[in-house]
Amino acid sequence: MRGLGAQLPTTLHLCCPAVIRYNRYGNQKVALGLVQAHVLTAAESLQLIAQEIRGCTRCALHHGRTRAVPGEGPPDARIMLIGEGPGYHEDRQGRPFVGPSGQFLDELLAMAGLRRSDVFIGNVVKCRPPQNRDPQPDEISTCTQAYLFRQIAAIQPKVIVTLGRVSMGLFLPGEKISRIHGQPRTVNGRLVVPMLHPAAALHQPQNRPLIEADFQRLPAILAQAERDAAPTGPAPGDEEPPVQQLSLF
Ligand code: SF4
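Everything quoted here is computed from the prediction, not taken from an experiment.

**Observations regarding the site of the ligand**
Neighbouring the ligand are 15 residues, the closest being Cys 56, Cys 59, His 62, Cys 127 and Cys 143. Broken down by element, the residue count for the shell around the ligand peaks at four residues, all from helix 4 (residues 137-155).

Take a look at the structure:
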């Protein structure tokens, strides 16, 4: 079974005015419940999800947040970048990657010929973990099933770029980022490219050339994804993640 948002990528808004038809003698001939369904667009779905996130109390991370960070970008983005979770600046502003890591991310995107407005930028968890600790497995599970996978299903990106170990583990459990960064992998019909987190390059300058080289390959990877045409199988986000993935965090 395909998961949230795959068969029904959106929410249906229903209203049911009864339609009763009469035959020529005035007798009730047939009664129909006419269902008028409004299928939400990707933009509307993302807006709805963002609204839910801003009021979410599903996991303990909501206690420490200033603002939740739903993510941002065009609803038809071909590339979706997924970081780990909001940091200090993101928590203050309610926007993803706005601190020093975000400035570096903008530089990396420019190296790939992209602007921030070309891509959707989100996170595994939407609220800042205390002291920027790693999100816990239950927090990851709760938040991704409630929101991230629905965002992916709405956007249907051609390429997902995971930024950092936690995000990579969601799609490529058991892998080591030092071994596979920059190498696109097909996961359920969609290309997933694991990359280092920009903060890793800021804190450890030896990582900078690695992440720059990986971003410079992004246009070619996107072109490959578009050549390979639309995915036919369930894509990441169309299914709930297997249980064993979550056990790895
Ligand atoms: S991290 Fe996600 S699940 Fe937890 S409170 Fe924030 S939005 Fe809700």
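**Regarding the packing of helix 1 (residues 42-54) against helix 4**
The contact between helix 1 and helix 4 brings their axes to 9 Å, and the two run at 165°. One way to sum up the angle between helix 1 and helix 4 is to call them roughly antiparallel. You can see that helix 1 and helix 4 cross each other, and the crossing is left-handed. Contact residues: helix 1 offers Ala 42, Ser 45, Leu 46, Ile 49 and Ile 53, while helix 4 offers Tyr 147, Arg 150, Gln 151, Ala 154 and Ile 155. Its residues placed into classes, the contact of helix 1 with helix 4 shows seven nonpolar, two polar and one charged.

**Structural notes on unusual backbone geometry**
Here Phe 97, not a glycine, exhibits a phi torsion of approximately 50°, which is positive. The class of Phe 97 is buried, set by 27 C-beta atoms lying within 10 Å. With a phi close to 50°, Gln 131 is a non-glycine residue in the positive phi region. Looking at the element boundaries, Gln 131 is found in the loop between strand 6 (120-123) and helix 4. Judged by C-beta crowding, with 7 C-beta atoms within 10 Å, Gln 131 ranks as exposed.

**Brief notes about the nonpolar core**
Of all hydrophobic cores here, the largest spans 56 residues; its most connected members are Ile 79, Met 80, Leu 81, Val 119, Val 124, Val 159 and Val 161. Here this core takes nine residues from helix 4, the largest share from any one element. Each residue touching Leu 81, except ones within four places of it in the same chain, is listed here: Val 119, Ile 121, Val 161 and Leu 163.

**Concerning the sheet that holds strand 8 (residues 185-187)**
Read from one edge to the other, the open sheet built from five strands follows the order 6-5-7-9-8, with strand pairing classed as mixed. For this open sheet the edge positions go to strand 6 and strand 8, each flanked by a neighbour on one side alone. Mean inter-strand twist for the sheet, computed between neighbouring axes without regard to direction, equals 30°. Taken together, the three bridges between strand 8 and strand 9 (residues 190-195) define a ladder with antiparallel strand orientation. What sits directly across from Thr 186, in strand 9, is Leu 191.

**Description of the confidence of the model for the chain**
Looking at the chain, pLDDT values average 84 and 77% of them are 70 or higher. For residues 1-32, every residue scores under 50 in pLDDT, and the model assigns this stretch 50 contacts once sequence neighbours within four places are set aside. Predicted confidence for residues 240-249 stays below pLDDT 50, and this span has 18 contacts to residues more than four positions away or in other chains.

The rules behind these values
Counting restarts for each chain, with residues numbered from 1 along the sequence as it is written. Totals for whole chains, interfaces and linings use all residues, but because this is a predicted model, local features are given only for residues with pLDDT of at least 70 and pairs of side-chain atoms are given and counted only at 80 or more. Using a C-beta atom placed from the backbone for every residue, we mark a residue as near a molecule or strand if that atom lies within 6 Å of it. Secondary structure elements are defined from DSSP: runs of H or I of at least 4 residues count as helices, runs of E of at least 2 residues count as strands, and each element is numbered from the N terminus. Whenever a helix is involved, its axis is fitted only over the stretch in contact; in every case the axis is a line through C-alpha atoms, and angles between N-to-C directions fall within 0 to 180 degrees. Orientation categories follow fixed angle ranges, with anything under 35 degrees roughly parallel, anything over 145 roughly antiparallel, 65 to 115 roughly perpendicular, and all other angles oblique. It is the rotation of the near helix from the far one that decides the hand of a crossing: anticlockwise by less than a right angle makes it left-handed, clockwise makes it right-handed. Any two residues are considered in contact once their C-beta atoms, placed from the backbone, lie within 7 Å. Three categories are distinguished: nonpolar for Ala, Val, Leu, Ile, Met, Phe, Trp, Tyr, Cys and Pro, charged for Asp, Glu, Lys and Arg, and polar for the others, with Gly belonging to the last. Exposure classes come from backbone-placed C-beta atoms, where a residue is buried if 20 or more other C-beta atoms lie within 10 Å of its own, exposed if 12 or fewer do, and partly exposed in between. By our criterion, buried Ala, Val, Leu, Ile, Met, Phe, Trp, Tyr and Cys residues that link up through C-beta atoms within 7 Å make up a nonpolar core. Pairing between strands requires that DSSP locate at least two bridges from one strand to the other. One confidence number per residue, pLDDT, is output by the predictor and ranges from 0 to 100.

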